[in-house]
Amino acid sequence: MVQIPNTPTSADVARLAGVSRATVSYVLNNATAVRISEATRERVREAARELGYVPHAAARSLRAGHSRMVLMPTPAIPAGPLYSRFLSELQWALGRLDYTVVQYGSVGLQGDEAARAWAELRPVAVLVPGAGLGPQGVAVLRRAGARAVVTVGPDRVEGAHAVLMDHDAVGHCAGAHLHARGRRRIGVVLPGEPGLDAYARPRLAGVREALRGTDATVTELPLDPTEEAAAELAARWTESGLDAVFAYNDEYAMLLMRALQDEGLRIPEDVAVIGADDLMLGRLLRPRLSTVHIELPSGRDLAALVDRAVRDPGAEPEVHTVLGASVLRRESS
């Protein structure tokens, strides 16, 4: 018969350290409102380590009336290096504020249906990347105890705090740059991956706005993220008459640039190419890839927004428009 060891409790830690259970709670929850000597704090921590004691998150949540969990659903779109760096900074900043970030994969669930699945975990806050969540989903989360619902995407949702991503500015920068370089027949790649349309369409609109009132034309170029699809597009390039392309991001730009070169087209003499995201790999290509450098919202600022909303759940939702964009001109354009 397998012997299951008893789970150590805060009472066990208190006995070993020679202190009260309240002192154990204060120390392990990093409470600063109560004066406890550093020697006593270290004795409690050492006792907890010796016993293998881990505080019970659910019990702590019951005492506080809410958890310290910030739920971050996994985006339904491919997450590149830029987003990964932003997420790492956000997790670090929330950790400094004593929150725990939990990434949640809700494959197959969308919008308000996904919100019901998130609500089951009773998070204190939910950070929703992308589009899809509606007012009803926000209401479900709030009824389940979420003090803060923050959307990070192109549109505002009623009842939620919003960090709006101005993707039009990315396209506007790229379009204005290509026009300034003397290009007049400009293609704009629309990526074929699911979920990216909410970002690609505003970038296309930004290009159109930058070229409004000029003699330049804009052509939409649907493109799946495969070498075969890029080769097919490149094979039709000469007959299209296009002399430049904004390829949505650096990954699509690199994919298409290689296919164009395989067709014998010269970059930038025959076709100017610009991407977005400023990936390191783009600097290693020959010619080096021009790109739109994107400034994502600060992870520290977003963590501070979450903390404000948790502390004051009845406050009016905040709306912040972010996503600075600037062109880094290199050899490809």
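Just above sits the structure.
Please read these numbers as outputs of a predicted model, since none were measured by experiment.

Draft legend 1. Examining the sheet that holds strand β1 (residues 69–73) more closely. The strand order β2-β1-β3-β4-β5-β11 describes an open sheet built from 6 strands, whose pairing is parallel. The open sheet terminates on both sides in strands that have one partner only, identified here as β2 (100–104) and β11 (319–322). Averaged over all pairs of adjacent strands, the angle between strand axes in this sheet comes to 15 degrees, irrespective of strand direction.

Draft legend 2. Summary view of the pairing of β1. Across the 5 residues that make up β1, a large majority, 4, are buried. Here 5 bridges tie β1 to β2, and the two strands are oriented parallel to one another. In the strand pairing of β2, V70 is matched with V101. Of the strand pairs in this sheet, β1 and strand β3 (residues 125–129) are connected by 2 bridges, and their pairing is parallel. Counterpart to V70 in the pairing with β3 is A125.

Draft legend 3. Layout of unusual backbone geometry. Each neighbour pair has its own omega, and for I267 with P268 the value is 10 degrees, a cis peptide bond. Topologically, P268 is positioned in the loop between α12 (250–262) and β9 (272–276). Here the phi dihedral of R122 falls at roughly 55 degrees; this positive angle occurs in a residue that is not glycine. Within the fold, R122 resides in the loop between α6 (111–119) and β3. According to the relative accessible area criterion, R122 is partly exposed, its value standing at 49%. Of note, Y248 is a non-glycine position whose phi angle comes to about 75 degrees, a positive value. By the secondary structure assignment, Y248 is in the loop between β8 (244–246) and α12.

Draft legend 4. Focus on the nonpolar core. By size, the foremost hydrophobic cluster in this structure holds 70 residues, and its most contacted members are L94, L127, W237, F246, L260, V273 and L302. Residues within four places of W237 in sequence aside, it is in contact with L221, L242, A244, V245, L256, L260, L265 and V271. Within the second largest apolar cluster, 16 residues are counted, among which are A115, V126, L141 and V149.

Draft legend 5. Seen up close, α12. With 13 residues, α12 should reach 18 Å at 1.5 Å per residue; the first-to-last C-alpha distance of 18 Å fits that figure. Within the sequence span of α12, burial applies to D250, Y252, A253, M254, L256, M257, A259 and L260. Here α12 starts with a cap whose side-chain oxygen sits 3.2 Å from the backbone nitrogen of E251, and that cap is N249. Once α12 finishes, G264 follows within two positions and takes phi at roughly 90 degrees, a positive value.

Draft legend 6. Region of interest: the packing of aromatic side chains. In the structure shown here, the tally under the stated rule is 1 aromatic pair. When the ring centre of Y99 is taken as origin, the NZ or CZ atom of R68, which lies over that ring, is 3.9 Å away. A cation sits over an aromatic face here: R203 above Y248, 4.6 Å from the ring centre.

Draft legend 7. Fine view of the sheet that holds strand β7 (residues 217–223). The strand order β7-β6-β8-β9-β10-β12 describes an open sheet built from 6 strands, whose pairing is mixed. Looking along the sheet, the strands with just one partner apiece sit at the ends: β7 and β12 (324–328). If you compare each strand with its neighbour and ignore which way they point, the axes differ by 20 degrees on average. Of the pairings in the sheet, the one linking β9 to strand β10 (residues 290–295) comprises 3 bridges and is parallel in character. When the sheet's bridge partners are listed, G275 is paired in β10 with T291. Each of β6 (185–191), β8, β9, β10 and β12 touches helix α8 (residues 167–180); the most contacted strand, β12, lies at about 25 degrees to it. Relative to β9, α12 is tilted by about 155 degrees, and along the sheet it contacts β6, β7, β8, β9 and β10.

Draft legend 8. Inspection of the environment of G153 at higher detail. Mapped onto the elements of the fold, G153 is located in strand β4 (residues 148–153). The sequence separation of G153 and D166 amounts to 13 residues, and the corresponding C-alpha distance is 8.6 Å. Beyond its immediate sequence surroundings of up to four residues, G153 is in contact with G130, V163, L164 and M165.

Cut-offs and rules
Residues numbered from 1 in each chain as written. Predicted model: local features only at pLDDT ≥ 70, side-chain atom pairs only at ≥ 80, totals over all residues. Heavy atoms only, no water. Pairing = 2+ DSSP bridges. Helix = DSSP H or I, 4+ residues; strand = E, 2+ residues; numbered from the N terminus. Axes fitted to C-alpha atoms, helices over the stretch in contact; angles between N-to-C directions. Buried < 20%, exposed > 50% of the residue type's maximum accessible area, 1.4 Å probe, protein only. Core = buried A, V, L, I, M, F, W, Y, C linked by side-chain atoms within 4.5 Å. Contact = heavy atoms within 4.5 Å. Expected span 1.5 Å × (residues − 1). Polar contact = N/O pair within 3.5 Å; in protein donor to acceptor, adjacent residues only side chain to side chain. Phe/Tyr/Trp six-rings, centres within 6.5 Å; stacked < 30°, edge-to-face > 60°. Lys NZ or Arg CZ within 6 Å of the ring centre and 35° of its normal.

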